[in-house]
Structure formats: C-alpha cells, structure tokens
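# Coordinate analysis (summary)
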Amino acid sequence: MSRWSPVCGHRSTGLKMSSRVTVDVEKEEEEEEEEEEEEEDGASVNPTEVKMSQIVMPCHSNHRHELSVGQLLKWIDSSACLSAERHAQSPCVTASMDDIHFEHTISVGQVVNIRAKVNRAFNTSMEVGVQVSCEDLFTDRHWRVCHAYATFVTQRTNTGEKVTLKPVLPQTQREQVEYSVAAERRRVRMVHDDIIRDLLSHGSVQQVETAVDNAVAAEKTKVESVELVLPPHANHQVNTFGGQIMAWMVNVATIAASRLCQAHPTLRTIDMFTFRGPSQVGDRLLLRAIVNNAFKNSIEVGVRAEAYQEEGPNRHINSAFMIFEVLDDHRKPCTLPRIRPEPLEGERRFQEAVARKKIRLDRKYIISRTQGEVPLSVPWDPRNQVYLSYNNVSALKMLAARNNWRLSSEKDKVRLYTLELKSMLSFKVESEVDVPAHRAFCLLAEMSNRPNWDPHYRKCELIHRVDDDDFLYRVVTPSVRHGAVGSQTSAGQGEGILQDFILLASKRRPCSSGDPYVIALRSVSLPTHPPTEGYNRGEVLCAGFTILETKNNMSLISYYNQASPEVLPYISTDIAGLSSSFYHNFCSCSQYLTQNRLQLTAEEQTGQYQSTNMDTPTCDSLSVGLSGTQL
C-alpha cells in the first residue's frame, strides 16, 4: 500500500453520521485544546496584541438586561483598531469586518474579555483577529462568545502616499496558523459579491411567492432614522467611529425585525460590514433598514448608512445584512411570519437574501464542519467552490503548522513524522531536494503526471479545470487489503479490486517571503462520477504538499496525510521503523523532480506561470485577478 496514496486518508462511506452529542463533545474538546495552546503560547508576547475587559453595566444592556450587540461591536472595533495601529505605527481605519456569529448572550454583571492581534499584514492592509469571551465573576466560568476578523487600512500620509506595512512575524503555532490561513480568507472576501451574482444569474434561488397567506408586507418593516455625528461619536482621528456606525445600524435593524415578528428579536449573525467611505463630525447619517426575507426561524434585515451635509449628495458609507431569531422561553427559535416583498427592488432583495442564506449554509457545512463528521466528500458545485477551496488549503496549512510532530523514522535525510490528535493520526514525509521551489511546485502540481513517479497511482485523470488554481481529478489506486477498509463491499471480493477517489486539488503560490507553495487535496463528490462497479470509492480528509524555498536554490518538500483509525495497522510498520516504503516513494519523487528540473511544464509552456518575486507582495495583484473571477 502506498504511504503516499490517498488511501491513507480513507474513510468508509458506509459509516453513519456522528450524533449531535458526539459533535458537541468534540467542539468542547477543541475549545479546551485552544485554551491549552493559548496558555502554552502565553510565554510569547505578541507586540500587536491588545486586551480589553469590560464589565457589563445596565447602560450597556437592552430590555432583557443583556449586553447590546451594538455596544459589543464598539468594543470589538476599538480593540481591533488599537492592535492595527500598534503594528502600523500610524492611524488606521476599518475597511471591513467579516461575518460574525454570536454564540451566546452576555448578561449585566458579567465581564467581556476581548483579545485582538494582527494576524497578517499585506501591502497596505492587514487582518486583525478578535476573540470575545465572557466571564462570570461568581462562578469563575468562561465561555466563547464570538470570533471576528476585521480588515484595517492605514491612512495616507500628508503627501497622499500609502503607507507600506511591515510583515507580521508569527511566534506561536496559533499565530502561524492564523498567518497562513489569512491569505485564504482574503481570497474569499474578494469573490463574495461575485458568488451572489453567480447564484442569481444561474437561477439557483427560489422564485418570489407573491400569494402567501398572512404574509406581512415588507414596507411595514421599513425604518428610517437620522443621526447627527457629534464629537463624542468621533474617533481619535476626528472621523466617525466605525463601531458607532455599526451600533446605529444594529439599532435600526432590530426595529425592522421587531415590526415583522412583533416580538423582541435576538441578533444571531451579521454578514460582512463593508465601509465604503469616511464620515466626519457634523455629518448627518441616514440609516435605512427593511426586512429582505423571512425564513422559517430567521429574518434577514438589510441596512444601509448614508452620510450627507446640509448641501451636497448623499454618500454611501456602509451596508450590512443582519440575521435575527425570536427565542421562546426555552431559548428555542420560534416560527416566524412570511414576508411579501415590494415589487422590483424588494423582489431583488428577497432573492439575494436566499443566495446569502445558501452561502451561509455552505460555509457552515464546508468550513465549520468537524472532522468527526462523515461523509467527508462534500458535493462539489461551482457555487460552493470558493469555500471548498478555502477548506482544502486552510486544512493543510493548519495541519502543517502543528508544532507537536514527532520523528518516527529517518533514512538518508528522508524523515517520517507522526502526529496523534484525538482519534486521528497524521503523518508527514519530509526531505530536501536539489530543485528550485517554483520548479518543484510546477512539477508536483501536474497531478496527471503522478503515475510516472508513484507506482501506487494507477491512473490520475483530469475531470475539470475549475480555474488556474483548482482542479478536479479521478485517481485510481490499489485498495487496502484489495478492498476498501471498512467498506461493505470489500469482503469476499478477492484480488484485483481497485479504489478510486474524486479529488479537489488546490494549489497556491507564496504571498510573501517565507510562505510555502501549497498543493492541497481533499475528497469531493460529483453527480457525473458516482461510485462504479469494480471500484471501492475512497475518501481523503486532508493531504498534500508544501514546498519551501531553502538556501542554495533548493527546496524543502513535505508531504502530509491525515489518516483515519482504520488504516493505522497499515502504516504502523513504517512508523515503528520496520519498513521504509515511505523512503522509496520519496526517492522516486525526488528522482522525478531532478530529472525534469530543466524541462518546462505544460503550465510554463503556455506562459501561465509567473515566478514569484519574494521582495514584492503578490497578494495584492492576486486580489485584483480574483475580484473579476466568475465561479
């Protein structure tokens, strides 16, 4: 069996879905692991980290004596801004804030603890991660409330020039993970609007139902409010405080949701805030809100903020979409009345709300799913491609960033490492080769050539080229025990049964110096390629290569694979040092790279490859290309 084969990431598709209890336990264990990692990382002080603790007073609360979300957003924005300015050493403003999901409410008398630090700096923008937790002073309980990612940009100098940011140097495992995955989150931000337009253009959302009994007319939920920006509403740069604008937007959105449900709603999720322009003291802020759509247990409210002076046109400052629920006495969501949208614009907002809900479900199902859940193969669709790609690359980056790998075996500088985490075993094969990093990346990224050097890849055919960075392949390999481990069809089928995989391959070039090249692999399912007779369908959880440029124009190549418990007996001989098949596989790979180091790949022959200049940030040019990508 190939120690480099996707079989090592196999799980039987016949397994039942994990129970909700198991998932909840795993979530609690993950939170405990995060807390332990944070304690271990406590010895290393991040120079950009800002901590804020606030006790919730009655003036901060709503009618239920719970902390108002508007007030919490002010504190989040303040701490994130302080962290950004500490790194940039110059004034910064909020450009956007990613989606925020509020897991718990906070009561009067409890303490809000906020930690903010810069995850990564790009050319002129930076991502700040904010963790919010709650503390009960009387029971000494702590729990997570939400996690937010905000993007900040520096203000221009007096001469109108942009400030180029210095790079962030991650010190801990957690910081390394956030640093690495920040580039993937940036890609998702860039294509967010394109995804919605694509969903609408392909007719993937429901049509408006105009004849719904007892539906509430959307115009009844309209809210319009004007706020005068006074000096107390300004930040230290005399601009309107971004947190204050967000708080005003939450206020009008809550009123709109209340008019529909005739109850006090709870704000559960905020879709991305995007600041489109500045506002100053003396501006009038016109805030408009309306219910876009009402689903069975949730309401989407659209909010728009415009600024104007006594003379002159209105300036669009911000837009956001907020998801509310109404909870009963047992804190369970209630069934909500339907909405009847206004003609034309109202119908457009109605359909876009459905598209955004689909995106939220895709993110929850693909990005937020736990590794204990099966099946692993998420159905691939052009509309969820960006999230599958994000999950694919970020999973490999997070696995690679782990700092508790243990050396199990070594032969001629080819090293085998293992990592045990809960019921999962991961392994890494690593060595240095005398091939430039960009050449090794191009050669290994051409998956169709893998059967040339890996004898355990019987076939690797390209199914679909999604774009320049993502590809779908069908891979055929020998089965474990000539049949898939744990598969209901493996017993009694004898010799010659092969195993096939439908894989999403996502490749990424470095965004800056010190970043590796990445080739990530994960299983997906395609309706055009169902399991076929004569093959056991296998699944890959997380696998792939990282390629890091080293001295003397050489490359450090690492291969990762996250294995399930079923295949542990088949790789235990390598781990125990009783076998060295991992060494022979790597030697074959190294020989393939060396022999072809001077031969142009198909990608280079077509002129699509551009060598990465490590002295200039490439993510900014990447974002420009992504912004026009149609998925």
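See the structure above.
Residues numbered from 1 in each chain as written. Predicted model: local features only at pLDDT ≥ 70, side-chain atom pairs only at ≥ 80, totals over all residues. Heavy atoms only, no water.

## Focus: the overall build of the protein chain
Scanning the protein chain for helices and strands turns up 11 helices and 25 strands. Counting all 631 residues of the protein chain, 53% fall into the buried class. In the protein chain, once contacts between residues fewer than 6 apart in sequence are set aside, the share between residues at least 24 apart is 73%. A total accessible area of about 28700 Å² is found for the protein chain, and carbon and sulfur atoms account for 50% of it. (Helix = DSSP H or I, 4+ residues; strand = E, 2+ residues; numbered from the N terminus. Buried < 20%, exposed > 50% of the residue type's maximum accessible area, 1.4 Å probe, protein only. Contact = heavy atoms within 4.5 Å. Areas by Shrake-Rupley, 256 points an atom, 1.4 Å probe, with all protein chains shown as cover.)

## Considerations on the pairing of strand S5 (residues 125-136)
For S5, the buried fraction is high: 10 of the 12 residues fall into the buried class. Pairing between S5 and strand S6 (residues 141-154): 12 bridges, direction antiparallel. Bridging from a neighbouring strand, Cys134 pairs with Trp143 of S6. (Pairing = 2+ DSSP bridges.)

## Observations regarding the packing of aromatic side chains
The tally for this structure, following the rule as stated, stands at 5 aromatic pairs. With a centroid separation of 4.9 Å and 35 degrees between ring planes, the pair formed by Phe441 and Tyr517 is classed as tilted. Of the two residues, Phe441 sits in helix H7 (residues 437-445) while Tyr517 sits in strand S22 (residues 517-525), which places them 76 residues apart along the sequence. Both residues of the pair, Phe441 and Tyr517, belong to the buried class. A centroid spacing of 6.3 Å and a plane angle of 25 degrees characterise the contact between Trp453 and Tyr592, whose relative ring orientation is stacked. In this pair, Trp453 sits in the loop between H7 and strand S19 (459-465) while Tyr592 sits in helix H9 (residues 581-595), placing the two residues 139 residues apart along the sequence. (Phe/Tyr/Trp six-rings, centres within 6.5 Å; stacked < 30°, edge-to-face > 60°.)

## Structural notes on the packing of helix H2 (residues 69-88) against helix H4 (residues 242-261)
Orientation of H2 relative to H4, taken along the N-to-C sense of each, is 160 degrees, at an axis distance of 8 Å. In terms of axis orientation, H2 runs roughly antiparallel to H4. Crossing of H2 over H4 shows right-handed handedness. Facing Val69, Gly70, Leu73, Lys74 and Asp77 of H2, the residues of H4 in contact are Gly242, Gly243, Gln244, Met246, Ala247 and Val250. Broken down by class, the residue content of the contact of H2 with H4 amounts to 5 nonpolar, 4 polar and 2 charged. (Axes fitted to C-alpha atoms, helices over the stretch in contact; angles between N-to-C directions. Parallel < 35°, antiparallel > 145°, perpendicular 65-115°, else oblique. Left-handed = near helix turned anticlockwise from the far one by under 90°. Nonpolar A, V, L, I, M, F, W, Y, C, P; charged D, E, K, R; others polar.)

## A few points about H4
For H4, which comprises 20 residues, the first-to-last C-alpha distance of 29 Å matches the rise-based estimate of 28 Å (1.5 Å per residue) to within 8%. Gln262 occupies a position one or two residues after H4 and carries a positive phi of about 50 degrees. (Expected span 1.5 Å × (residues − 1).)

## Points about the side chain of Glu184
Here Glu184 lies in helix H3 (residues 173-201). Classification of Glu184 by relative accessible area gives buried; the value is 3%. Not counting residues within four places of it along the chain, the set of residues in contact with Glu184 comprises Ser389, Tyr390, Val393, Lys397 and Arg508.

## So, the state of the cysteines
The full count for this structure, using the stated rule, is 0 disulfides. This cysteine, Cys587, is not joined by any disulfide, and Cys589 carries the nearest cysteine sulfur, 9.8 Å off. Overall, Cys587 belongs to the partly exposed group, its relative accessible area being 28%. (Disulfide = S-S within 2.5 Å.)

## Details of the side chain of Asp77
Summarising the element assignment, Asp77 is placed in helix H2. Notably, Asp77 is buried but unbridged: the nearest opposite-charge side chain belongs to Lys74, and the N-O separation is 11 Å. With residues near it in sequence (within four places) discarded, Asp77 still touches Thr94, Met97, Phe152, Phe241, Gly242, Gly243 and Met246. (Lys, Arg positive; Asp, Glu negative; His and termini not counted. Salt bridge = Lys/Arg side-chain N within 4 Å of Asp/Glu carboxyl O.)

## Notes on unusual backbone geometry
In this structure, Gln89 is a non-glycine residue whose phi angle is positive, near 55 degrees. Among the secondary structure elements, Gln89 is positioned in the loop between H2 and strand S2 (92-97). A relative accessible area of 66% places Gln89 in the exposed class. Even without glycine at this site, Gln262 takes up a positive phi of about 50 degrees. Following the sequence through the fold, Gln262 ends up in the loop between H4 and strand S9 (266-270).

## Remarks on a nonpolar patch on the surface
Residues Ile55, Met57, Leu137 and Phe138 make up a contiguous nonpolar surface patch of about 440 Å² in total accessible area. Looking at the element boundaries, Met57 is found in the loop between strand S1 (50-55) and H2. Since its relative accessible area comes to 39%, Met57 is described here as partly exposed. (Patch = residues over 30% accessible without salt bridge, like charges linked within 9 Å, V, L, I, M, F, W, Y side chains within 5 Å.)

## Thoughts on the environment of Gln176
Looking at the element boundaries, Gln176 is found in helix H3. The class for Gln176 is partly exposed, based on a relative accessible area of 31%. Beyond its immediate chain neighbours, meaning those up to four positions away, Gln176 contacts Pro170 and Ala401.

## Structural notes on the pattern of salt bridges
Evaluation of the coordinates by the stated rule reveals 34 salt bridges. For the salt bridge of Glu325 with Arg268, the shortest nitrogen-to-oxygen distance reads 3.4 Å. Of this pair, Glu325 sits in strand S13 (residues 315-325) while Arg268 sits in strand S9, placing them 57 residues apart in sequence. Take Glu325 and Arg268: they sit in the same class, and that class is buried. Across the salt bridge formed by Arg349 and Glu342, the nearest N and O atoms sit 3.0 Å from each other. Considered together, Arg349 and Glu342 belong to a single accessibility category, that of buried residues. Where salt bridges share partners, they join Asp271, Glu300, Glu345, Arg348, Glu352, Arg356 and Arg360 into one cluster.

## Comments concerning helix H6 (residues 385-400)
Here H6 contains 16 residues, and its C-alpha end-to-end distance of 23 Å stays within 8% of the 22 Å for a straight helix at 1.5 Å per residue. Within H6, 13 of the 16 residues are buried, leaving the element largely enclosed by the surrounding structure.

## Examining the packing of H7 against H9
In the contact formed by H7 and H9, the axes pass within 10 Å of each other and the chain directions differ by 115 degrees. Taken together, the axes of H7 and H9 are roughly perpendicular relative to one another. Where H7 crosses over H9, the two elements pack in a sense that is right-handed. Counted together, Ala440, Leu443 and Leu444 of H7 and Cys589, Tyr592 and Leu593 of H9 form the full contact between these two elements. Residues of the contact of H7 with H9, tallied by class, amount to 6 nonpolar, no polar and no charged.

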